[in-house]
Amino acid sequence: DSLQCPICAEGYDSSDHRVRSLGCGHSYCTQCLSNILSDRNLQCPDCRTEHAFVTVTDIPVNYALENVAITTPKLHAGICEDHALYKTFHCNTCSTWVCSDCTVADHNPNKCQIDSIKEALKSKMLKADATISSQINSIEETKKWIHKQSQQLQERKSKHLEQMKYLAKLYSLHEEAVKDIESARKYFQVMVEEGHRHKTLLKDTQQMLTEKLSSSNELSEEDMQLPLPIKTADSWLTKIHEWVAQREKDTHPNMLLESTSQALAVFNSTINMDNFQSCLTLQWNKKELCQLLKSEKVYVAKRTELGIRYGKLIMLNSELFLHVLRDSTPSGHPIILPYSSVRSRADNHEALVFLDLQSGSTPLGRLYIRILGRTPRGDQFICLTTGEMGPSYLNVNFKSPSKKDQPGEWVSSSAYDKKEAAPLFK
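If you're wondering where the values come from, they're calculated on a predicted model, not measured in any experiment. (Residues numbered from 1 in each chain as written. Predicted model: local features only at pLDDT ≥ 70, side-chain atom pairs only at ≥ 80, totals over all residues. Heavy atoms only, no water.)

(A) The arrangement of helix α2 (residues 63-71) in detail. The set of residues buried in α2 consists of L65, E66 and A69. Each buried residue of α2 lies within a common arc of 100 degrees when the element is viewed along its axis, so the set occupies one face. Among the exposed residues of α2, those oriented more than 90 degrees off its buried face are Y63, A64 and T71. (Buried < 20%, exposed > 50% of the residue type's maximum accessible area, 1.4 Å probe, protein only. Helix = DSSP H or I, 4+ residues; strand = E, 2+ residues; numbered from the N terminus. Arc of directions from axis to C-beta.)

Laid out in structure tokens, this is it:
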């Protein structure tokens, strides 16, 4: 910019920064020339020409440049193309920079809102500051969200790594089970061959005894002794029976297959790795379930045509209670069990069901009903209390009883799940 000193970059004025011109043609402000004047010698900072001056006031003033610098505003938005004047105003109505003549002609204050360049810049700075503050807040919120997502991803990664370790352990257990089964199969083959050999010896012994009995009326003391092949075969049978009995007591391979199959069933239906691990770690007996319910939330899951339904499992007075299946997914991270693994433990021949009753918003208590015998009506009633076939007594309104206090007293209800009542069994 030719209207400011090239050394200090300050704009020329009529005092300390008054513009002075050296004989070489280069111009600088008075203050900068005073700083570089030494022992009546002054070297031009640009072309290095030597000049001799006693004081800085001996250097002539560049009046032409000074006049332009003084008359030119320090703040402007360029030169107006229509009037060749500096644009020192802003028309807020038309959103454009204008000169002083424009404010009289095309942008008269009577129809346009005019601000000085300082007021306009201040207004723009305030708006920009508000926008920047808003963007900073948005960035901070985004950073928090990203941090939260990063933590969740890390947690999910850790869970996946845990599952991978668990699956690797499970795979190792299955490998050991396969080796054990293969070893047992080979042992069976050896025993079959040995059994075939004992069978042949026993037949030969039987033939020999038959011949002796038919050829002689009197048997020696040696003949009265039990033949060696019979003793050997008997010992072999005892050994086989003990081995088979030991194998039947070893339920680990079957339990491993059962727990893995149940876990995979829940995994395929819920796609939840937490549930997958929970299923694998349980052996489905009442004692372990009761122990688990003391510290964990446990639900059962059943696949239906409409999706996965869940029922809460609780323990009361050392007994397990299964609540009606619902469509809503349990909150948090409860343990999920296959529905069949729990439902199969209830005997329909003597099932105990319960109904939680209330009048309006007032709880009336829990009604227990024991089903005696196995009938289609009893099976239907059980299904309506569990919801395992779709409809249930959940949120059903019961009407006033008929034949009250008389033999055959009964109550009717509205259609369950807002559907027309229809028998589940024919």
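(B) Quick peek at the sheet that holds strand β7 (residues 114-116). Strands sit in the order β6-β5-β7 across an open sheet of 3 strands; the sheet is antiparallel. The sheet is open, and its two borders are formed by β6 (96-98) and β7, each paired with just one other strand. Sheet twist, expressed as the average angle between the axes of neighbouring strands with direction ignored, equals 35 degrees. Pairing between strand β5 (residues 89-91) and β7: 3 bridges, direction antiparallel. Its bridge partner lying in β7, H90 is registered against D115. (Pairing = 2+ DSSP bridges. Axes fitted to C-alpha atoms, helices over the stretch in contact; angles between N-to-C directions.)

(C) Representation of unusual backbone geometry within the structure. Here S95, not a glycine, exhibits a phi torsion of approximately 55 degrees, which is positive. Inspection of the secondary structure puts S95 in the loop between β5 and β6. Located in the positive-phi region is K403, a residue other than glycine, with phi close to 55 degrees. Turning to its location among the elements, K403 is positioned in the segment after α10 (376-386). A relative accessible area of 49% places K403 in the partly exposed class.

(D) Here's a closer look at the nonpolar core. Counting residues in each nonpolar core, the largest one holds 17 residues, and the members touching the most others are C5, Y12, L22, Y28, L33, L42 and I59. Secondary structure elements with two or more residues in this core: β2 (27-29), α1 (30-36) and α2. Apart from residues no more than four positions distant in its own chain, L33 is found in contact with R20, L22, Y28, L42, V56 and I59. (Core = buried A, V, L, I, M, F, W, Y, C linked by side-chain atoms within 4.5 Å. Contact = heavy atoms within 4.5 Å.)

(E) Representation of the sheet that holds strand β8 (residues 298-304) within the structure. Across the sheet, 4 strands lie side by side as β10-β9-β8-β11; this open sheet has mixed pairing. The open sheet has two free edges, formed respectively by β10 (319-322) and β11 (335-338), since each of these has just one partner strand. The average undirected angle you get between the axes of adjacent strands in this sheet is 35 degrees. Bridge count between β8 and strand β9 (residues 307-316): 7 bridges; the pairing is antiparallel. Looking at the pairing, Y299 lines up with K312 of β9.

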